[in-house]
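Structural overview
Single-letter residue listing:
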Amino acid sequence: MSVHTHITHSGPALTEAARAVIEAAGEQWTDLRSDVFATLAAFARPASAYDIAEAASARIGRRLAANSVYRILDLFVANNVARRVESRNAYLVNEHPGCAHDCIFLVCEACGEATHIDDDRLGDALRGTARGAGFTPTRPVIEVHGRCGGCGTS
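What comes next concerns the included structure. (Residues numbered from 1 in each chain as written. Predicted model: local features only at pLDDT ≥ 70, side-chain atom pairs only at ≥ 80, totals over all residues. Heavy atoms only, no water.)

**A word on the overall build of the protein**
Convention followed: Put simply, DSSP marks the helices as runs of H or I at least four residues long and the strands as runs of E at least two long, and each gets a number from the N terminus on. Computation of the radius of gyration draws on C-alpha atoms, with the globule rule given as 2.2 Å multiplied by the number of residues to the power 0.38. In this scheme, a residue with accessible area under 20% of its type's maximum is buried, one over 50% is exposed, and one in between is partly exposed, where area comes from a 1.4 Å probe on protein chains only.
If you tally the helices and strands in the protein, you get 5 helices and 5 strands. The secondary structure elements of the protein, listed N-terminal to C-terminal, are α-α-α-α-β-β-β-β-α-β. At 16 Å, the protein has a C-alpha radius of gyration in line with the 15 Å of a compact globule built from 154 residues. Considering only C-alpha atoms, the protein reaches an extent of 50 × 45 × 30 Å along its principal axes. Here the protein holds 154 residues, and the buried ones make up 37% of them.

**A few points about the environment of Ala13**
Locating Ala13 in the fold gives a position in helix H1 (residues 11-24). With a relative accessible area of 40%, Ala13 lands in the partly exposed category.

**Here's the deal with the nonpolar core**
Using the following cut-off: Working definition of a nonpolar core: buried Ala, Val, Leu, Ile, Met, Phe, Trp, Tyr and Cys residues. They are joined through side-chain atoms within 4.5 Å. Two residues form a contact once any of their heavy atoms are found within 4.5 Å.
By size, the foremost hydrophobic cluster in this structure holds 25 residues, and its most contacted members are Val36, Phe37, Leu40, Val69, Leu73 and Phe76. Elements with a contribution of two residues or more to this core: H1, helix H2 (31-42), helix H3 (49-60), helix H4 (66-78) and strand S2 (90-93). With 7 residues, the single largest contributor to this core is H4. With sequence-adjacent residues up to four places away left out, Leu73 is seen in contact with Val36, Leu40, Ala49, Ile52 and Tyr91. Counting 6 residues, the second largest nonpolar core, distinct from the first, contains Val85, Phe105, Val107 and Ala114.

**Quick notes on the pairing of strand S3 (residues 103-108)**
Rule in force here: The rule for pairing is simple: two strands pair if DSSP sees at least two bridges between them.
In terms of burial, S3 is a largely internal element, 5 of the 6 residues being buried. Inspection of the sheet shows S3 paired to strand S5 (residues 141-146) by 6 bridges, in the parallel sense. Paired with Val107 across the bridge in S5 is His145. By the bridge criterion, 4 bridges tie S3 to strand S4 (residues 114-117) in an arrangement that is antiparallel.

**Some points on the pattern of salt bridges**
Cut-off, in case you're wondering: Within this document, salt bridges are pairs made up of a side-chain nitrogen of Lys or Arg and a carboxyl oxygen of Asp or Glu, the two lying within 4 Å of each other.
Applying the stated rule across the entire model yields 5 salt bridges. Linking Glu16 and Arg19 is a salt bridge whose minimum nitrogen-to-oxygen distance equals 2.0 Å. Separated by 3 residues within a single helix, Glu16 and Arg19 lie in helix H1, roughly one turn from each other. The class for Arg19 is partly exposed, based on a relative accessible area of 24%. Close ionic contact of Asp119 with Arg121 constitutes a salt bridge, the shortest N to O distance being 3.4 Å. Each member of the salt-bridge network shares a partner with another, and the members are Glu16, Arg19 and Glu23.

**What to know about the packing of H3 against H4**
When two helices pack together, you describe them by how their axes are tilted relative to each other and by the distance separating the axes. How we decide: Helix axes are fitted only over the stretch in contact, all axes being lines through C-alpha atoms; the angle between N-to-C directions runs from 0 to 180 degrees. By definition in this entry, angles of less than 35 degrees are roughly parallel, angles greater than 145 are roughly antiparallel, angles of 65 to 115 are roughly perpendicular, and the rest are oblique. Handedness of a crossing follows from how the near helix is turned relative to the far one, being left-handed for an anticlockwise turn of less than a right angle and right-handed for a clockwise one. Here the term charged refers only to Asp, Glu, Lys and Arg, the term nonpolar to Ala, Val, Leu, Ile, Met, Phe, Trp, Tyr, Cys and Pro, and the term polar to all other amino acids, Gly among them.
The geometry of H3 relative to H4 is characterised by a closest axis approach of 9 Å and an angle of 110° between their N-to-C directions. Classified by the angle their axes make, H3 and H4 are roughly perpendicular. The two elements H3 and H4 meet at a crossing, and its hand is right-handed. Contacts between H3 and H4 involve Ala49, Tyr50, Ile52 and Ala53 from the former and Ala66, Val69, Tyr70 and Leu73 from the latter. Across the contact of H3 with H4, the residue classes tally to 8 nonpolar, no polar and no charged.

In structure tokens form, the structure reads like this:
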């Protein structure tokens, strides 16, 4: 991976960037995918597929099954539109979907916030170590659990 400047998106620009990534991958940006993305983007903290299904159902006025949300989230993660916090089985939007980085999360055990950080040196070192062990890494995820600055150290 190379070091570069991020173009961080928010609001309608984030949705447009996500749509462009999905369509560039040869997938359709359907109304349902748009609704799931908008619902996920509205969460301040990582959200489970069930949380997203419930909120999206309320948003669109009809029941949306969690298994449908899981399929959409799998597509989003595979195309770098969303990130999965493995230990929480929860998801966050990727505010810079055009950038490919390994997932490094700082997960607060007190409030549940998960902050995504990018460190290409660490990701490259991890991939190199895996390759040195005869392993082909596909999607490294690093999670550091502790307390965020807002929750303190106690």
